[in-house]
Amino acid sequence: MTSTTRLTVAQALVRFLTAQYTERDGERRRLISATWGIFGHGNVAGIGQALVEYAADMPYHQGRNEQAMVHAAVGYARQSGRLSTHAVTTSIGPGATNLVTGAALATVNRLPVLLLPGDVFAARPADPVLQQLEVPYAGDVSVNDSLRPVSRYFDRITRPEALMPSALQAVRVLTDPAETGAVTLALPQDVQAEAYDWPEEFFAERVWTVRRPQADPAELAAAVRAVRAARRPLVIAGGGVHHSRAEAALAAFAEATRVPVAATQAGKGALRWDHPQDVGGVGHTGTATADELARTADLVIGVGTRYTDFTTASGTLFENPDVRFLNLNIAAFDGHKLAGLPLVADARDTLRALTGSLTEHGYRVAGSYVAEYTEDKERWEQRVDACYEADEPDIRPTQPQVLGALDEIVDESDIVVNAAGSLPGDLHKLWRTRSRDQYHLEYGYSCMGYEIPAAIGVKLAAPDRPVWALVGDGTYLMMPTEIVTAVQEGVAIKLLLVQNHGYASIGGLSESVGGERFGTAYRFPAGDGTHTGAPLPVDLAANAASLGMRVLRAKTVRDLRAALAEARAADTPTCVYVETQTADTVSGAPPAQAWWDVPVAETATRSSAVKARELYERQVSTRRRHL
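Residues numbered from 1 in each chain as written. Predicted model: local features only at pLDDT ≥ 70, side-chain atom pairs only at ≥ 80, totals over all residues. Heavy atoms only, no water.

*Asks:* Would you take a moment to explain a nonpolar patch on the surface for this structure?
*Replies:* Residues F39, V44 and Y60 make up a contiguous nonpolar surface patch of roughly 240 Å² in combined accessible area. The topology assignment puts V44 in helix α2 (residues 44-53). (Patch = residues over 30% accessible without salt bridge, like charges linked within 9 Å, V, L, I, M, F, W, Y side chains within 5 Å. Areas by Shrake-Rupley, 256 points an atom, 1.4 Å probe, with all protein chains shown as cover. Salt bridge = Lys/Arg side-chain N within 4 Å of Asp/Glu carboxyl O. Helix = DSSP H or I, 4+ residues; strand = E, 2+ residues; numbered from the N terminus.)

*Asks:* Honestly, the packing of aromatic side chains in this entry has me stumped. Any pointers?
*Replies:* How two aromatic rings sit relative to each other is set out by the distance from centre to centre and by the angle between their planes. Summed over all chains, the structure comprises 12 aromatic pairs. Arranged with centres 4.9 Å apart and planes meeting at 70°, the rings of Y196 and W198 form a pair that is edge-to-face. Judged by relative accessible area, which is 26%, Y196 ranks as partly exposed. Here W595 and Y616 contribute two aromatic rings whose centre-to-centre distance is 5.7 Å and whose plane-to-plane angle is 55°, an arrangement assigned as tilted. (Phe/Tyr/Trp six-rings, centres within 6.5 Å; stacked < 30°, edge-to-face > 60°. Buried < 20%, exposed > 50% of the residue type's maximum accessible area, 1.4 Å probe, protein only.)

*Asks:* Any chance you could explain the side chain of D278 here in plain terms?
*Replies:* With respect to the helices and strands, the residue D278 is situated in strand β14 (residues 278-281). Buried and unpaired, D278 has K377 as its nearest opposite-charge partner, separated by 4.3 Å. The residues touching D278, leaving out its near neighbours within four places in the chain, are V261, L271, R272, W273 and K377. (Lys, Arg positive; Asp, Glu negative; His and termini not counted. Contact = heavy atoms within 4.5 Å.)

*Asks:* Before we go on, may I ask you to explain the pairing of strand β18 (residues 415-418) in this structure?
*Replies:* Each regular strand shows side chains that alternate between the opposite faces of the sheet. Because side chains alternate across β18, one face comprises the buried residues I415 and V417, and the other comprises V416 and N418, equally buried. Across 3 bridges, β18 lies against strand β20 (residues 467-472) in parallel orientation. When the sheet's bridge partners are listed, I415 is paired in β20 with V467. Of the strand pairs in this sheet, β18 and strand β19 (residues 439-441) are connected by 3 bridges, and their pairing is parallel. Within the sheet, the bridge partner assigned to V416 lies in β19 and is Y439. (Pairing = 2+ DSSP bridges.)

*Asks:* I'm lost on the side chain of D176 in this one. Help?
*Replies:* Position of D176 among the secondary structure elements: in the loop between α6 (163-174) and β9 (182-188). Among the polar contacts made by the side chain of D176, one reaches the main-chain amide nitrogen of A178 at a distance of 2.9 Å. (Polar contact = N/O pair within 3.5 Å; in protein donor to acceptor, adjacent residues only side chain to side chain.)

Below, the structure written as structure tokens:
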């Protein structure tokens with residue numbers, strides 16, 4: 001007779017999660033190592049009570065915003081190599097819908113996170129309940145259905161016994177390297193508290209192998225032929241290189257073949273900045289070196305990249321009429337993009353196989369090609385030096401000089417977290433990445449507010465390393481709330497808060513497309529319908545201090561260097577606050593080295609928009625569909 005244990009659905013779920021493990025290359029990790037939660041009537045008596053019941057086995061983190069809790073879990077998952085992540089529980093209503101942005105971010109970036117929102121009563125004893133959305137044409141719809149399109153797996157547990165197959169499917173997706181993303185189990189509040197006799201086998205320890213699918217021999221042979229035929233190949237390293245832990249294999253491939261390696265935002269750091277074959281970021285925010293190589297490449301070898309519009313310069317970057325694409329990706333969906341030759345397999349093992357085959361055939365690119373990109377890279381690094389240099393240390397720094405000051409004090413152990421605003425562009429072009437996981441940019445969803453909670457998650461995964469959240473004022477005002485969490489739990493993140501009085505990135509974009517920076521500055525109204533008056537008298541440093549963070553104010557480059565060094569040595573959450581000046585032509589970051597398609601008004605009376613449309617039409621005419 002099968003042995004059973006009587007537990008509530010919530011208790012059974014938490015106990016089940018404590019027994020799930022991942023394993024890859026002999027490394028074993030607990031899949032769900034902690035749960036974040038904000039409690040309301042939709043989960044306090046279910047999941048909340050279960051977390052108390054199993055507090056010794058399932059650590060709990062108290063969040064302040066549901067979206068931020070997902071960001072923290074995502075940061076933890078990425079730093080953990082997708083082998084471990086966190087669960088996030090919320091009440092029904094706004095608590096549940098606040099998960100949507102975080103879920104989209106996780107799924108876009110192929111990062112696992114388990115979402116456990118409360119839901120309305122399954123039995124409907126009272127209908128509607130507090131915070132319930134009534135849909136006249138469908139009685140089985142709740143606000144949680146908004147999580148369906150942004151989840152890789154979704155289920156609503158309307159009966160206790162339905163939890164068993166659903167929980168197993170949820171873990172299958174979380175641990176599948178090609179399928180992973182946000183997983184949602186919507187939990188009606190009455191079902192959470194309902195008891196059931198669970199078979200003990202449900203709680204048995206399970207180890208889920210994170211697969212490394214091997215390349216099909218025919219696809220591998222075709223890939224080898226494609227590379228051997230190339231004279232100007234270029235590797236584009238995406239986030240899949242990091243997910244596969246393929247950095248060493250990529251370095252070996254590059255050294256054996258001397259093929260240059262450019263990187264997307266997610267792939268930056270796949271090679272160290274000073275590796276001979278590293279040519280920096282590629283695309284709209286890339287380096288001149290990488291983008292010129294992309295324009296003349298006859299073979300683009302995409303490794304773990306989704307080829308977003310920033311990477312391809314909206315379809316205008318790869319200009320060589322004979323260019324072809326070889327796409328090494330664990331997901332067939334991405335492997336077939338740009339009419340490329342697919343190589344659907346694990347990045348690490350397949351790069352090793354490619355290197356071995358090409359070495360056997362004696363393949364290396366010509367010395368003249370190596371000399372060309374080496375000289376171009378040296379010229380680019382001189383431009384980086386000029387951006388970082390501060391000849392007058394007693395004046396307010398530009399944003400690139402802020403990065404230069406940080407560059408001076410970090411080493412391989414530091415991790416830099418960023419997501420949105422003008423900083424991603426400067427970082428992609430300028431930052432000198434020293435280790436495979438130093439550069440943590442969330443640019444798949446480019447979500448303002450990600451940085452502070454994600455830094456907490458990263459720090460929880462790497463407690464002995466300095467973790468920096470680089471945040472502009474616009475992003476800070478979106479979500480400073482998790483500073484309280486960092487203070488409460490003693491998570492010693494370092495916050496570099498850059499005040500430039502508005503949405504600097506979108507302001508520049510607005511100007512370039514005829515929008516005249518409308519609505520992008522944090523200033524008082526000027527009386528003409530614009531916000532171009534005096535800067536707002538806000539004090540973000542005081543705000544951070546009021547939330548419990550130690551704050552160091554820096555007025556000059558000299559102050560900044562000292563404050564950053566002090567913050568790096570701190571063992572408590574510490575903020576460095578600096579107000580930047582407008583960059584001049586010497587110290588400002590280089591402009592975009594490739595186009596990005598943001599449609600411009602086709603008709604307008606203002607001259608700025610008319611001129612922007614003329615430029616837009618010239619640029620869009622160069623777009624190419626790779627078929």
